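Okay, here's what each chain looks like letter by letter:
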Amino acid sequence: MVSIDTETSSLNANFADLVGISLSVNEKEAFYLPLKHSLDTNNNFKNLDLQKVFPILKKILEDDSIIKIGHNIKYDKIIFSRIGINLNPVDDTMLLSYVLDTGKFRHNLDDLAKIYFNYETIKYKDVVGVGKKEKKFNEVDIKDAYIYAAENADITLRLYKILKKRIISKKLLSVYEYIEKPLINVLAEIEKKGIKVDVKKLKNLSLVFQKKLSKIEKEIFKLSSIEFNIASPKQLGEILFNKLGLEGKKKGKSGAYSTSVDVLENLSYQGHKIAEFLLEWRQISKLLNTYTYSLINEVNKKTLRIHTSYSMAATNTGRLSSTDPNLQNIPIRTDEGKKIRNAFISDKGFKLISLDYSQIELRLLAHIGKVEDLKKAFDKNIDIHKKTASQIFNVELKDVNDDLRRKAKTINYGIIYGISAFGLAKQLNIQRTEADLIIKEYFKNYKGILNYINETTDFCKKNGFVKTLFGRECYIEGINNKNSSFRNFAIRAAINAPIQGSAADIIKKAMINIYKFLKEKKTKSKMILQVHDELLFEMCESEINYLSMDIKKIMENSSLPEIKLDIPLIVDIGQGSNWAEAH
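Cut-offs applied
Residues numbered from 1 in each chain as written. Predicted model: local features only at pLDDT ≥ 70, side-chain atom pairs only at ≥ 80, totals over all residues. Heavy atoms only, no water. Helix = DSSP H or I, 4+ residues; strand = E, 2+ residues; numbered from the N terminus. Buried < 20%, exposed > 50% of the residue type's maximum accessible area, 1.4 Å probe, protein only. Lys, Arg positive; Asp, Glu negative; His and termini not counted. Salt bridge = Lys/Arg side-chain N within 4 Å of Asp/Glu carboxyl O. Polar contact = N/O pair within 3.5 Å; in protein donor to acceptor, adjacent residues only side chain to side chain. Contact = heavy atoms within 4.5 Å. Pairing = 2+ DSSP bridges. Axes fitted to C-alpha atoms, helices over the stretch in contact; angles between N-to-C directions. Parallel < 35°, antiparallel > 145°, perpendicular 65-115°, else oblique. Nonpolar A, V, L, I, M, F, W, Y, C, P; charged D, E, K, R; others polar. Arc of directions from axis to C-beta. Phe/Tyr/Trp six-rings, centres within 6.5 Å; stacked < 30°, edge-to-face > 60°. Lys NZ or Arg CZ within 6 Å of the ring centre and 35° of its normal.

Draft legend 1. Representation of the side chain of Lys 77 in the model. Of note, Lys 77 is situated in helix α2 (residues 73-81). Glu 62 provides the closest opposite charge to the buried, unpaired Lys 77, separated from it by 9.0 Å. Of the polar contacts made by the side chain of Lys 77, one reaches the side chain of Asn 185; its length is 3.0 Å. When near neighbours in sequence (up to four residues on either side) are disregarded, Lys 77 contacts Asn 86, Leu 87, Asn 88, Ile 184 and Asn 185.

Draft legend 2. Seen up close, the sheet that holds strand β3 (residues 29-34). The mixed open sheet is built from 5 strands, whose spatial order is β3-β2-β1-β4-β5. Only two strands of the sheet have a single partner each, and these edge strands are β3 and β5 (90-92). On average, adjacent strands in this sheet sit at an angle of 30° to one another, irrespective of strand direction. Its contacts with the sheet place helix α3 (residues 93-100) against β4 (68-70) and β5, and it is angled at close to 50° to β5.

Draft legend 3. Looking closely at the sheet that holds strand β17 (residues 534-540). The sheet built from 4 strands is open, its strands ordered β16-β17-β13-β18 with antiparallel pairing. A single partner strand is all that each edge strand has here, and the edge strands are β16 (526-531) and β18 (571-576). Mean inter-strand twist for the sheet, computed between neighbouring axes without regard to direction, equals 20°. Pairing between strand β13 (residues 350-357) and β17: 7 bridges, direction antiparallel. Along β17, the bridge assignment pairs Ser 354 with Leu 536.

Draft legend 4. Molecular detail of the packing of helix α19 (residues 447-463) against helix α20 (residues 484-521). Between α19 and α20, the least distance of the axes is 9 Å, while the angle of their chain directions is 105°. With respect to their mutual orientation, α19 and α20 come out roughly perpendicular. Taking contact as the criterion, the partners of Tyr 452, Ile 453, Thr 456, Thr 457, Cys 460 and Lys 461 in α19 are, on α20, Ile 491, Ala 494, Ile 495, Pro 498 and Ile 499. Along the lines of polarity and charge, the residues of the contact of α19 with α20 split into 8 nonpolar, 2 polar and 1 charged.

Draft legend 5. Seen up close, helix α9 (residues 233-243). Here α9 has its buried residues at Leu 236, Gly 237, Ile 239, Leu 240 and Phe 241. The arc enclosing the buried residues of α9, seen along the axis, measures out at 165°, which places them on a common side. Residues of α9 that are buried make contact with α8 (199-224), β8 (256-257), α10 (261-269) and α11 (273-297). Positioned one or two residues after α9, Gly 245 has a phi angle of 70°, which is positive.

Draft legend 6. Main features of the packing of aromatic side chains. Under the definition given, this model contains 10 aromatic pairs. Arranged with centres 5.9 Å apart and planes meeting at 50°, the rings of Phe 137 and Tyr 148 form a pair that is tilted. With Phe 137 in the loop between α5 (124-128) and α6 (142-169) and Tyr 148 in helix α6, the pair connects residues that are 11 residues apart, well separated along the chain. Assessed through its relative accessible area of 0%, Phe 137 is described here as buried. We classify Tyr 148 as buried; its relative accessible area is 9%. The interplanar angle of 70° and the centroid separation of 5.7 Å between the aromatic rings of Phe 221 and Phe 228 together place this pair among those described as edge-to-face. Phe 228 matches Phe 221 in its accessibility class, with the two residues each being buried. Looking at Lys 104, its charged tip hangs above the ring of Tyr 475, at a distance of 4.5 Å from the centre.

Draft legend 7. Just the environment of Lys 123, in detail. Tracing the sequence through the fold places Lys 123 in the loop between α4 (109-117) and α5. Its relative accessible area of 23% is what places Lys 123 among the partly exposed residues. Between the alpha carbons of Lys 123 and Asn 152 there is a distance of 10.0 Å; along the sequence they are 29 residues apart. Sequence-distant contacts of Lys 123, defined by excluding residues within four places in its chain, comprise Asp 110 and Tyr 148.

The following block contains the structure:
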């Protein structure tokens, strides 16, 4: 085995050049191969010629008998694939740690070195600098790069030996071997492929959002009778609570008024129009800065695509998270969110195909919580939100209108996330006493859910973690905290984690199976995005009819063989020339 770490000119693998490679075969012994450093002030070291070392590297790194160990090795795989090396077979210390201790702590190399060896590593910022003095890694002196990079390879090797033993003794090897490790290749290919965007559409959308923002600003200034910096919480607090005399609370030692979303929502519920405009302003401003402006800068000049990066060890439930840029948080239901999704397009001769699990978390709640009424409804293909509305609001199923269904949907998903009467009252804009009655009525109709909540909470209080269907352990901090707000937050997390975590495991397993299927079929079509319960494909038009149905079947049957769900999983299919049409 050999531990390996690549040093690059950028932290985004699809924009980065390979600067150097560190390797370690024995503990406390590591090497650095400098390849593209632009300077060495001491003039003691020089770069190696990549063309000369390439054949040797390729032979070692593609040798099936040698395990290549990395910390977030997906990144290294993408870098090596760009120079023609297929890094295989691999193991990943970040993922080993994540499977062992999901939710306990962060899984970066610096933190793990401190936890396992009580050792302070050289930090990346110590090597490249910060602020105006920050350099790219290829501008770092080779000696400094060598000390930093070699340490990374050594720590990775030492960690591997400990973590591999732990994961076997804790009987969590199957989660790692069947879900996390095979996903490395899948995500590396998704990230490398990227998704095409219409830059012209994004630029036009920026102008539309900017005009809308200006219009909202005028309304805010009109209602406040003064112009001010809306983005400044301090100025906003003074306008709302001092000048306009609205009811507010000061926070912390600063003595400034809170202008959080919760505060503005409460003011909006009370009928204050200015709060409504402020919430809309923040939403549009966020979309403008987070997406339309920044997405244009994220387009790779070589591929003309956006290449998001998936963090495999960032959440407390096993869910993937998307960064640089985050494509998972683009609003689905708002008109503005749909306009942004319009800018994500397919190549000529291809379509975007969305395959989305229908109500997977409610289906898993029915299975895990043994909720018979929910099971029956799903078996009979009854609209679960209409059924809940019918029971809660005491109307015939056929008489449930869109408004009641929307409220029932809020209740159904709110219960999964451990919503309180106060939280439900806010979301439905009703009195807290009414919300309390709704929750009690809900638990009366779906008896198994309350049992599930109590059993899950008790298990977590005793053990400090909850489990997904696949055996993944999700650690929940603060479940026994004396502070009620911390404890209640932890209880909500504990209730949700087995459901959301099981859903995450199922979609990961589906991605692995689909990846193998597409490879075997040698298709032109590719999987290009994962957004929670949805997979997005760029499919060749001639392959759509058979592929979409085959992939649907794979997704609907992606549990492990030993797990048979009581409820069938259902996947919805959509297609279009852009992402909004496909969803």
